[in-house]
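Residues per chain are reported as follows:
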2 protein chains.
Amino acid sequence: MATTIDDVARAAGVSTSTVSYVLSGKRPISAPTRQRVERAVRDLGYRPHAGARALASSRTNVLALMAPLRVDVNVNVIMQFVTGVVTAARAYDHDVLLLTADEVAGLERVASRSMVDALVMMDIEADDPRVPVLVGLRQPAVLIGLPRDPAGLSCVDLDFEAAGRLAVRHLARLGHRRVALLGSPRAVLERHTSYAERMLRGFTQEVADAGLEGVFEPCESDMAGAVASVDRVLERLPDVTGLVVHNEVALPWVVATLRERGRRVPDDVSVVAVCPADVATNQPLPLTSVDIPAHTIGKVAVEMATARIEADQPAETRLLTPVLVERASTAAAPG
Amino acid sequence: MATTIDDVARAAGVSTSTVSYVLSGKRPISAPTRQRVERAVRDLGYRPHAGARALASSRTNVLALMAPLRVDVNVNVIMQFVTGVVTAARAYDHDVLLLTADEVAGLERVASRSMVDALVMMDIEADDPRVPVLVGLRQPAVLIGLPRDPAGLSCVDLDFEAAGRLAVRHLARLGHRRVALLGSPRAVLERHTSYAERMLRGFTQEVADAGLEGVFEPCESDMAGAVASVDRVLERLPDVTGLVVHNEVALPWVVATLRERGRRVPDDVSVVAVCPADVATNQPLPLTSVDIPAHTIGKVAVEMATARIEADQPAETRLLTPVLVERASTAAAPG
DNA sequence: GTGAAAGCGCTAACAG
DNA sequence: CTGTTAGCGCTTTCAC
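- Going by the annotation in an unreviewed UniProt entry, the name recorded for chain A is LacI family transcriptional regulator, with Cellulomonas shaoxiangyii given as the source organism.

What follows is the structure in structure tokens.
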């Protein structure tokens, strides 16, 4: 145990630098030497010391991921982002250091101690306090979400504004004239969380453009909240026929409540969910939905991050085009 | 930027070792020197380089956490474990490197490259393939869960066997004679996941000891699965009056299905949930429950891990005593 | 195509 | 109580 690069060099009868170059591939090595080295590496079970490598090369091969492990946000979706990031990171030969959202100082710490090569940030708010911190760091950062001012950082997210428009347009095409958006919990909105605001903007714009009547209600992520929000919608817009739901946790309760209030889905009310595809298909009634490709977004975030580690590329913002899949919860407007 | 310990030493007019010792507190420093150093550290915004420190001290101040980010396991509970671990880790001045369960090679990697000081492992199976790997490493490891043979590793978990007994005993005291356990999904059982098996064992034992009639049904983590399992129970034991549910996701559907089948809760059927307290209280009907203290378990795991980093203490197994809290879902047996 | 050697930034003897 | 210095294990010039 504790074999070093020198042990390998000795065993292979070469110099340490040759071993290093065989491992990194940063300069041509003759086939025979390469093989002797590779053999020695295998025989000795050699593993380079991460700290030593980081010290000498200023590369850690570690990414920081700041995830909101609060309970009020949707845990399922978060998890999908996280697995997307971790999986992609491994594909780029990186590990992931997990930071929780309540620890803004953690960013400063892991960055300035050179613990990571880049940072990926989830759950971005419009005026996120982490953004100014991030721009001050030497490591590249990628935001999953879209702040009001990216300030030169890379961003990636689903185009929620387009998603809102897409959902409304689908309902409009089916002849619906009175529609509602059931959105994120109040707390999320009050933080001005980017995706919630963009979703609302898209919804509102398309409602106006299509000349529809539309209302918006926040929705808490539990049964009571879902029931209350549905009732408020029915109160404000009694003859509503189209519902866009952007709240994965409330989804089952929303549909159940509609039924309890005597509205059949999709006969009386059509429902478009905005959520990961598997959530939409796992409901008792498969829901027409605009997919949130959490896994893909996580992967893209890692790709953008690693790309900026290597080369000093400029930052960019990538908004993924939303896709709507029709399932059993939408139909032509009644009457 | 990129200030080193030598910069600090120069600025404070002391030697590098003095700076190092001020920072680590590993030897007494006079008040005046300490203050000069601390001032210089603050003025220069000095942050020790993690790699250099790891290289020189063989300490990374990083913990590896292997979490099952699969979808079939309960995401909410996982999240609570993870936050428990991360929060506790910070309290012990450690960061957390996140590994996913499908990456057994990751253990070997982060350990042999000296990327972490210790490893914490979740979702342990009876004959977990990671256990033999773990014993071969130089770093201490803590299992959250209980394999058939801990092989000298530290373990911590809720005492699920006692939890199963406790739930049954509670029902027995209320006069229930026919009880059922709705457990984990089939896939979890087939992996021989430790907690599921221990829960079943405790349930079965207490049913026998108390002379009750009892049946067990696995339960998938979705609505259809919950409905099916409830129906199977009602078929096998038509006059069942007590139900123990160890599946957080299915919980709401189970209660709803009971109602739909004409069984009032708790008038006709009493329900004891085994889940985190907040899950039990957030149901439409607050459920009597045996708490799964995920946050605490995560914290204890970190404490055990860090304790074994410092001193070469022997391994130990800690099983937390379950606590049952009565809420609105249990009552005296009918008739 | 390969080697020798100078660091990377820090810790921990050892020496006062 | 403080300073000097020898590494920790690797990468990367520079030299051949």
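That was the structure; now back to the text.
### A look at the protein's contact with DNA strand D
Part 1 of the argument: Near DNA strand D you find 28 residues, and of these A:Ile5, A:Tyr21, A:Tyr46, B:Ser30 and B:Thr33 are the closest.
Part 2 of the argument: Of all DNA strand D atoms lying within 4 Å of any protein atom, the proportion belonging to sugar or phosphate reaches 53%.
Part 3 of the argument: A distance of 3.0 Å separates a phosphate oxygen of DNA strand D from a polar backbone atom of B:Ser15.
Part 4 of the argument: Among the elements that line the surface near DNA strand D, the one with the most residues is helix H4 (residues 50-57) of chain A, at four residues.
Part 5 of the argument: When the residues that make up the surface near DNA strand D are grouped by side-chain class, the tally is 11 nonpolar, 12 polar and five charged.

### Some words on the packing of helix H8 (residues 160-173) of chain A against helix H10 (residues 194-209) of chain A
Residues and elements named next belong to chain A.
Part 1 of the argument: Relative orientation of the contacting elements H8 and H10 amounts to 40°, with a least axis distance of 7 Å. Regarding the angle of H8 to H10, the classification is oblique. The hand of the H8/H10 crossing is right-handed. Across from Phe160, Glu161, Ala163, Gly164, Arg165, Val168 and Arg169 in H8, the residues of H10 making contact are Tyr195, Arg198, Met199, Arg201, Gly202, Phe203, Gln205, Glu206 and Val207.
Part 2 of the argument: Class assignment for the residues of the contact of H8 with H10 results in seven nonpolar, three polar and six charged.

### What about the sheet that holds strand E10 (residues 288-291) of chain A?
Residue and element names in this part refer to chain A.
Part 1 of the argument: Strands sit in the order E7-E6-E8-E9-E10-E12 across an open sheet of six strands; the sheet is mixed. Strands at the two margins of the open sheet, each flanked by one partner only, are strand E7 (213-217) and strand E12 (324-325).
Part 2 of the argument: Alignment of strand E8 (residues 242-245) against strand E9 (residues 270-275), held across four bridges, turns out to be parallel. Bridging across to E9, Val244 finds its partner in Val272.
Part 3 of the argument: Contacts from helix H12 (residues 251-260) reach strand E6 (178-182), E8 and E9 within the one sheet, and its direction differs from that of E8 by about 160°.

### Brief notes about unusual backbone geometry
Part 1 of the argument: The peptide bond linking A:Val265 to A:Pro266 adopts the cis configuration, its omega dihedral lying at 10°.
Part 2 of the argument: Positionally, A:Pro266 belongs in the loop between H12 and E9.
Part 3 of the argument: Of note in this structure, A:Ser114 is not a glycine but carries a positive phi near 55°.
Part 4 of the argument: Within the secondary structure, A:Ser114 sits in the loop between helix H6 (104-112) and strand E3 (118-121).
Part 5 of the argument: Here B:Asp123, not a glycine, exhibits a phi torsion of approximately 60°, which is positive.
Part 6 of the argument: Tracing the sequence through the fold places B:Asp123 in the loop between strand E3 (118-121) and helix H7 (130-135).
Part 7 of the argument: Given a relative accessible area of 8%, B:Asp123 falls into the buried group.

### Observations concerning the pattern of salt bridges
Residues and elements named next belong to chain B.
Part 1 of the argument: Scanning all chains against the criterion turns up 42 salt bridges over all chains.
Part 2 of the argument: Among the ionic pairs, Asp239 bridges to Arg178, the shortest N-O distance being 3.3 Å. One end of the pair, Asp239, is in the loop between helix H11 (223-236) and strand E8 (242-245); the other, Arg178, is in strand E6 (residues 178-182), with 61 residues separating them in the sequence.
Part 3 of the argument: Take Asp239: its relative accessible area is 42%, and that puts it in the partly exposed class.

### Some points on the packing of helix H1 (residues 5-12) of chain A against helix H2 (residues 16-24) of chain A
Residue and element names in this part refer to chain A.
Part 1 of the argument: Two elements in contact, H1 and H2, have axes separated by 8 Å at closest approach and are oriented at 100°. As the angle between them shows, H1 and H2 are arranged roughly perpendicular. Contact with H1, carried on its side by Ile5, Asp6, Val8 and Ala9, involves Thr16, Val19 and Ser20 of H2 and no other residues of that element.
Part 2 of the argument: Each residue belonging to the contact of H1 with H2 can be placed in one class, and the counts come to four nonpolar, two polar and one charged.

Rules of the game
Residues numbered from 1 in each chain as written. Chains lettered and ligands numbered in written order. Predicted model: local features only at pLDDT ≥ 70, side-chain atom pairs only at ≥ 80, totals over all residues. Heavy atoms only, no water. Near = heavy atom within 4 Å. Polar contact = N/O pair within 3.5 Å; in protein donor to acceptor, adjacent residues only side chain to side chain. Helix = DSSP H or I, 4+ residues; strand = E, 2+ residues; numbered from the N terminus. Nonpolar A, V, L, I, M, F, W, Y, C, P; charged D, E, K, R; others polar. Axes fitted to C-alpha atoms, helices over the stretch in contact; angles between N-to-C directions. Parallel < 35°, antiparallel > 145°, perpendicular 65-115°, else oblique. Left-handed = near helix turned anticlockwise from the far one by under 90°. Contact = heavy atoms within 4.5 Å. Pairing = 2+ DSSP bridges. Buried < 20%, exposed > 50% of the residue type's maximum accessible area, 1.4 Å probe, protein only. Salt bridge = Lys/Arg side-chain N within 4 Å of Asp/Glu carboxyl O.

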